[in-house]
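# An overview of the molecular structure
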Amino acid sequence: MILHRKRFLANYGLDDVNNMGCNPSERPFQVQMIGLLQAVQYLKLPVIACNILTIMFELILGGG
């Protein structure tokens with residue numbers, strides 16, 4: 001993740017749902033943002049794999 005969880009996201013309360021300081025149902029948008037940031041961490045490797053496959057496909061077939 002580009003944004004460091006403890007150094008940057010904690011300043012805005014986006015590091016963890018449990019550390020929000022309020023009931024999560026009071027701030028649904030903030031909870032969704034936290035969920036999105038956590039989901040992006042797990043999608044990093046599949047995106048890299050898809051990019052490698054696309055580059056190889058373009059190199060083999062001479063796309064461009």
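Up top is the structure.
Residues numbered from 1 in each chain as written. Predicted model: local features only at pLDDT ≥ 70, side-chain atom pairs only at ≥ 80, totals over all residues. Heavy atoms only, no water.

### What to know about a nonpolar patch on the surface
Note the threshold: Every patch collects residues that have over 30% relative accessible area and no salt bridge, joining them within 9 Å if they carry like charges and within 5 Å if they are nonpolar side chains (Val, Leu, Ile, Met, Phe, Trp, Tyr). Throughout, the Shrake-Rupley method with a 1.4 Å probe supplies accessible areas, and for residues the shown protein chains are the sole cover considered. Salt bridges, as used here, are contacts in which a Lys or Arg side-chain nitrogen is within 4 Å of a carboxyl oxygen on Asp or Glu. Here a helix means four or more residues in a row that DSSP labels H or I, a strand means two or more in a row labelled E, and each is numbered from the N terminus. Buried residues are those whose accessible area, probed at 1.4 Å on protein chains only, stays under 20% of the maximum for their type, while exposed residues exceed 50% and partly exposed ones sit between those limits.
Taken together, the side chains of Leu45, Ile48, Ile52, Ile55, Met56, Phe57, Leu59, Ile60 and Leu61 define a hydrophobic patch exposed on the protein surface, amounting to about 1,000 Å² of accessible area. Its location among the elements puts Leu45 in helix α1 (residues 28-61). Relative accessible area serves as the criterion here: at 66%, Leu45 is assigned to the exposed category.

### Points about α1
The test is simple: In this scheme, a helix's expected span is set at 1.5 Å multiplied by one less than its residue total. What the bend at a residue measures is the angle between two axes, fitted to the seven residues ending there and to the seven starting there.
Taking 1.5 Å as the rise per residue, α1 with 34 residues should run 50 Å; its terminal C-alpha atoms sit 47 Å apart, in good agreement. Of all the bends in α1, the largest measures some 40 degrees and sits at Leu43, one to four residues before the proline Pro46. Listed as buried for α1 are Gln30, Ile34 and Leu37. Phi turns positive, to about 70 degrees, at Gly62, one or two residues after α1.

Function cannot be inferred from these measures alone, as they are strictly geometric.
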